[in-house]
Amino acid sequence: MPAIALLATLLVIGFEQLVEWRYGTVGIIGLFLLAVGVKAKNPTCAGIGAAVLAVQVAGPSA
């Protein structure tokens with residue numbers, strides 16, 4: 001059981017580092033808002049986080 005928890009923690013930390021490296025601080029804020037919204041079952045917070053991430057992934061339109 002502790003090995004699974006350790007592996008899950010390493011995956012989450014690795015994913016956060018990847019998002020920060022690729023999308024910067026705004027990407028981390030979006031990921032944080034999405035995670036908090038899902039955990040708290042708050043659709044507004046989750047929607048804002050998802051929108052921030054979508055804008056970051058889409059990049060500049062021109």
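For the structure, see preceding data.
Now for a description of the structure that goes with this document. Since we're looking at a predicted model, the values are computed, not measured. (Residues numbered from 1 in each chain as written. Predicted model: local features only at pLDDT ≥ 70, side-chain atom pairs only at ≥ 80, totals over all residues. Heavy atoms only, no water.)

**A short note on the overall build of the chain**
Next, step 1: What the chain contains, in helices and strands, is two helices and zero strands.
Next, step 2: In summary, the chain has a C-alpha radius of gyration of 13 Å against a globular reference of 11 Å for 62 residues, an excess of more than 25%.
Next, step 3: Taking the principal axes of its C-alpha atoms as reference, the chain extends roughly 50 × 25 × 15 Å.
Next, step 4: Within the span of the chain, comprising 62 residues, buried residues form 15% of the whole.
Next, step 5: A separation threshold of at least 6 residues defines the contact pool for the chain, and within that pool the share at least 24 residues apart is 20%.
Next, step 6: Roughly 4800 Å² of accessible area belongs to the chain as shown, and the carbon and sulfur atoms make up 75% of that amount. (Helix = DSSP H or I, 4+ residues; strand = E, 2+ residues; numbered from the N terminus. Rg over C-alpha atoms; globule rule 2.2 N^0.38 Å. Buried < 20%, exposed > 50% of the residue type's maximum accessible area, 1.4 Å probe, protein only. Contact = heavy atoms within 4.5 Å. Areas by Shrake-Rupley, 256 points an atom, 1.4 Å probe, with all protein chains shown as cover.)

**Some remarks on helix α1 (residues 2–39)**
Next, step 1: The end-to-end C-alpha distance of α1, which contains 38 residues, comes to just 22 Å, noticeably less than the 56 Å that a straight helix rising 1.5 Å per residue would cover.
Next, step 2: Its maximal kink placed at Tyr-23, α1 deviates by approximately 135°.
Next, step 3: Looking at the buried residues of α1, the elements they touch are α2 (43–58).
Next, step 4: At the C-terminal side of α1, Lys-41 shows a positive phi close to 55°. (Expected span 1.5 Å × (residues − 1). Bend = angle between axes of the 7 residues up to and from the residue.)

**Remarks on the packing of α1 against α2**
Next, step 1: Look at α1 against α2: their axes get within 7 Å of each other, and the N-to-C directions meet at 150°. As summarised for this structure, α1 and α2 are arranged roughly antiparallel, according to the angle between their axes. Where α1 crosses over α2, the two elements pack in a sense that is left-handed. The residues of α2 that touch α1, namely those facing Tyr-23, Val-26, Gly-27, Gly-30, Leu-31, Leu-33, Leu-34, Val-36, Gly-37 and Val-38, are Cys-45, Ala-46, Ile-48, Gly-49, Ala-50, Val-52, Leu-53, Gln-56 and Val-57.
Next, step 2: Of the residues contributing to the contact of α1 with α2, the split by class is 14 nonpolar, five polar and no charged. (Axes fitted to C-alpha atoms, helices over the stretch in contact; angles between N-to-C directions. Parallel < 35°, antiparallel > 145°, perpendicular 65-115°, else oblique. Left-handed = near helix turned anticlockwise from the far one by under 90°. Nonpolar A, V, L, I, M, F, W, Y, C, P; charged D, E, K, R; others polar.)

**Quick word on the environment of Leu-53**
Next, step 1: You can see Leu-53 is positioned in helix α2.
Next, step 2: For Leu-53, a relative accessible area of 17% translates into the label buried.

**As for α2**
Next, step 1: With 16 residues, α2 extends 22 Å from end C-alpha to end C-alpha; this agrees with the ideal 22 Å at 1.5 Å per step.
Next, step 2: Among all positions of α2, only Cys-45, Ala-46, Gly-49 and Leu-53 are buried. In an axial view of α2, the angular spread of the buried residues amounts to 100°, which keeps them on one side of the axis. Exposed and oriented more than 90 degrees from the buried face of α2 are Pro-43, Thr-44, Val-55 and Ala-58.
Next, step 3: Of the residues that open α2, the one with a side-chain oxygen 3.1 Å from the backbone nitrogen of Thr-44 is Asn-42.
Next, step 4: Following α2 by one or two positions, Gly-59 has its phi on the positive side, about 75°. (Arc of directions from axis to C-beta. Polar contact = N/O pair within 3.5 Å; in protein donor to acceptor, adjacent residues only side chain to side chain.)

Purely spatial values, then, with no claim about function.
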